[in-house]
Amino acid sequence: MVKNLPVVPTAKAGSLVETPTGITWRVQYPVISEKCNMCLDCTLFCPDGALIQQEGKIELILSLCKGCGICANECKENAIQMVPEYSGVQGVFR
Amino acid sequence: MALSIADLPKEELFGQGNAGCGGCGAAVAGRQAMKALGSRTIMTIPASCMATMGGSNLKTTWQIPFYHTLFEIAPAVSSGIRAALEVQGIEDVNVVSWAGDAGTADIGFQALTGAAERNEHMLHVCYDNEMYMNTGGQTGSQTPMYAVTSNMSKGKTIKKKNMLAIMEAHGIDYVASASIAYPLDLIAKFKKAAEKPGFSYIHILAPCHRGWQIPQEKTIEFARLAVESGLFELYEVEDGLRTRNVEPSFIPVEDYLTPQGRFKNLTPEAIQSIQAGVNRHYGRGE
């Protein structure tokens, strides 16, 4: 017998995808280079599901990324580099 | 049957836009587990990071029914859900209770041991970050010896409770330990547990970089080091038969312990005693 499972009444399923939490914390984001050999490890190690496999390559959904750097740390080919969001003047402004 | 990442379902049932910290080990565990369990799953979660991460009130990251229970009763609620499904004749749904180490080993233990004794058709998952992280990192029974926590500033003085051995002693259908650093092993264990007709228990080591005081990008790395050093054994017990799934390479436990801020009070003698404990454990045979 197939019956649809009940949905949470107060929240639409997956509604946090449109307004993700925590992306304002991001100070760096991953850039995937051509060295990627599609081992797909990063798609399972990303806590936020920001790295997905699409059309034969790894795509980054920047709006979901919190910039933790797990993907760059775990990549066996060193194909992922973390790039700072802001590289301008830093320090105390007068 | 060898799994490969390319064969796994592409749908994201948990994780996208979650409210956890960057580099959260529990979110990784949840995402990997949902790849195995699929959309026909009902989840009950007691008070824990995992419950707050899933969203609150008007927003949620879950694509499946998710019930936020009281702290003590997640396996009991799951038992009730299974009974209701049986009455309605629905058989293709996985009923899962997903608790942290407090909701499993300490506060939620009586409901868990009751459900295990009745051999309910369900799966209980413990994601173990070895501290009460949602309330600020207090000591629990799953905290390892010598670890500094927010309420034990000189380090815990008693050993970690062996939760896997306790659950094994219930004589349930399936007991396994898993680590987020070995995703295919973890997914294979969830698939196996979902097929069992009775109670299954899976214990996942999911580091918390805030509590362990490690850099956030090294969450997975430390989950791997725990297995490689032999301190967290990956094994499963199926029909009374114990199998080790990953043979550790036995790096010195020092390489795992000393980079963590929570073990800053560790003395050389303490490291030696931990290493001796690991050697003794693996020396006793399967």
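All figures in this text were calculated on a predicted structure; none of them were measured in a lab.

Some remarks on the overall build of chain B
Argument step 1. When you go through chain B residue by residue, the secondary structure sums to eleven helices and eight strands.
Argument step 2. Considering only C-alpha atoms, chain B reaches an extent of 60 × 45 × 40 Å along its principal axes.
Argument step 3. Residues counted as buried form 59% of the 286 residues belonging to chain B.
Argument step 4. A sequence separation of at least 24 residues applies to 68% of the contacts in chain B between residues at least 6 apart.
Argument step 5. When the accessible area of chain B is evaluated, it comes to approximately 11,200 Å², of which 54% is carbon and sulfur surface.

Here's the deal with the interface of chain A and chain B
Argument step 1. Chain A puts 39 residues into the contact, and the matching count from chain B is 51 residues.
Argument step 2. Carbon and sulfur atoms make up 57% of the surface buried where chain A meets chain B, a total of about 3,500 Å² over both sides.
Argument step 3. The three residues of chain A that bury the most area against chain B are Leu 5, Leu 16 and Leu 44 of chain A, which together make up 20% of that side's buried surface.
Argument step 4. The tally of links from chain A across to chain B stands at one salt bridge.

Some details on the environment of Ala 223 of chain B
Residue and element names in this part refer to chain B.
Argument step 1. In this structure, Ala 223 sits in helix H9 (residues 219-228).
Argument step 2. Distance from Ala 223 to Gln 88, taken between C-alpha atoms, is 41 Å for residues 135 residues apart in sequence.
Argument step 3. If near-sequence neighbours (up to four positions away) are discounted, Ala 223 is found in contact with Ser 179, Ile 180, Ala 181, Leu 205 and Pro 207.

Section: the packing of aromatic side chains
Residues and elements named next belong to chain B.
Argument step 1. Summed over the entire model, instances satisfying the criterion amount to seven aromatic pairs over all chains.
Argument step 2. Aromatic side chains Trp 98 and Tyr 127 sit 6.4 Å apart centroid to centroid with 35° between the ring planes, which places their arrangement in the tilted category. Placement of Trp 98 in strand E3 (residues 94-100) and of Tyr 127 in strand E4 (residues 123-128) is noted, with a sequence separation of 29 residues between them. As far as burial versus exposure is concerned, Trp 98 and Tyr 127 are alike and both buried.
Argument step 3. A centroid spacing of 6.3 Å and a plane angle of 50° characterise the contact between Phe 222 and Tyr 256, whose relative ring orientation is tilted. Of this pair, Phe 222 sits in helix H9 while Tyr 256 sits in helix H10 (residues 253-257), and the two are 34 residues apart along the sequence.
Argument step 4. By relative accessible area, which is 3% here, Phe 222 ends up buried.
Argument step 5. Under the relative-accessibility criterion, Tyr 256 is labelled buried at 5%.
Argument step 6. Within the aromatic cluster, the residues linked to one another by ring pairs are Phe 14, Trp 62 and Phe 66.
Argument step 7. Stacked on the ring of Phe 109, the Lys or Arg Lys 161 has its end atom at 5.1 Å from the ring centre.
Argument step 8. Taking NZ or CZ as reference, Arg 262 lies 4.0 Å from the ring centre of Trp 212, over its face.

Some thoughts on the side chain of Lys 156 of chain B
Residue and element names in this part refer to chain B.
Argument step 1. Following the sequence through the fold, Lys 156 ends up in the loop between E4 and helix H6 (163-168).
Argument step 2. Of the side chains bearing the opposite charge, Asp 106 lies closest to the buried Lys 156, which forms no salt bridge; the N-O distance is 7.9 Å.
Argument step 3. Within the structure, the side chain of Lys 156 is placed 2.9 Å from the backbone oxygen of Thr 143, a separation counted as a polar contact.
Argument step 4. Those residues in contact with Lys 156 that sit more than four places away from it in its chain are Thr 139, Gly 140, Ser 141, Thr 143, Pro 144, Met 145, Tyr 146 and Ala 147.

A look at the nonpolar core
Residues and elements named next belong to chain B.
Argument step 1. Ranked by size, the top nonpolar core spans 79 residues in total, and within it Met 50, Trp 62, Trp 98, Phe 190 and Ile 204 carry the most contacts.
Argument step 2. Counting residues per element, this core draws most heavily on helix H1 (residues 25-37), which supplies eight residues.
Argument step 3. In this view, Trp 98 contacts Ala 29, Gly 30, Ala 33, Met 43, Thr 44, Ile 45, Pro 46, Met 50, Val 125, Tyr 127, Phe 190 and Ile 204; residues no more than four positions away in its chain are not counted.
Argument step 4. Counting residues in each nonpolar core, the second largest holds 23 residues, with Ala 105, Leu 112, Ala 115 and Cys 126 among its members.

Re helix H11 (residues 268-283) of chain B
All names here are of chain B.
Argument step 1. Here H11 contains 16 residues, and its C-alpha end-to-end distance of 22 Å stays within 8% of the 22 Å for a straight helix at 1.5 Å per residue.
Argument step 2. What H11 keeps buried is the set Ala 270, Ile 271, Ile 274, Val 278 and Tyr 282. Down the axis of H11, the sector holding all buried residues measures 105°, keeping them to one side. Away from its buried face, by an angle of more than 90 degrees, H11 presents the exposed residues Pro 268, Glu 269, Gln 272, Arg 280 and Gly 283.
Argument step 3. Turning to H11, the residues buried within the fold contact strand E8 (241-244) and H10.

Calculation notes
- Within any chain, residue numbers begin from 1 and follow the written order of that chain's sequence.
- Chain letters and ligand numbers both follow the written order, the letters beginning at A and the numbers at 1.
- Owing to the predicted nature of the model, reporting of local features is limited to residues with pLDDT of at least 70; listing and counting of side-chain atom pairs is limited to 80 or more, with chain, interface and lining totals taken over all residues.
- Excluding hydrogens and water, the side-chain values take into account all heavy atoms of the structure.
- Helix numbers and strand numbers start at the N terminus; a helix is a DSSP run of H or I with at least 4 residues, a strand a run of E with at least 2.
- A 1.4 Å probe rolled over the protein chains alone gives each residue an accessible area, and that area as a share of the maximum for its type sets the label: buried under 20%, exposed over 50%, partly exposed in between.
- Any two residues whose heavy atoms approach within 4.5 Å at even a single point are treated as in contact.
- For the accessible areas, the method is Shrake-Rupley and the probe is 1.4 Å, while residue cover comes only from the protein chains on display.
- Buried area: the sum, over both parts, of the accessible surface (1.4 Å probe) that disappears when the two are put together.
- Each reported salt bridge corresponds to a side-chain nitrogen of Lys or Arg within 4 Å of a carboxyl oxygen of Asp or Glu.
- Ring geometry is summarised as follows: Phe, Tyr and Trp rings, the Trp one being its six-membered ring, pair when their centres sit within 6.5 Å, and such pairs are stacked at plane angles under 30 degrees, edge-to-face over 60 and tilted between the two.
- Each ring is checked for a lysine NZ or an arginine CZ that lies within 6 Å of its centre and within 35 degrees of its normal; such an atom marks a charge sitting over the ring.
- Note on charges: Lys and Arg go in the positive column, Asp and Glu in the negative column, and His and the chain ends are not counted at all.
- Polar contacts, as used here, are pairs of N or O atoms within 3.5 Å; protein pairs need one atom able to donate a hydrogen and one able to accept it. Residues neighboring in sequence count only if both atoms are side-chain atoms.
- Here, nonpolar core means buried Ala, Val, Leu, Ile, Met, Phe, Trp, Tyr and Cys residues that are tied together by side-chain atoms lying within 4.5 Å of each other.
- Expected span of a helix, by definition, is 1.5 Å for each gap between consecutive residues, and there is one gap fewer than residues.
- The arc in question is traced by the directions running from the helix axis to the C-beta atoms.

On their own, these measurements won't tell you what the molecule is for.
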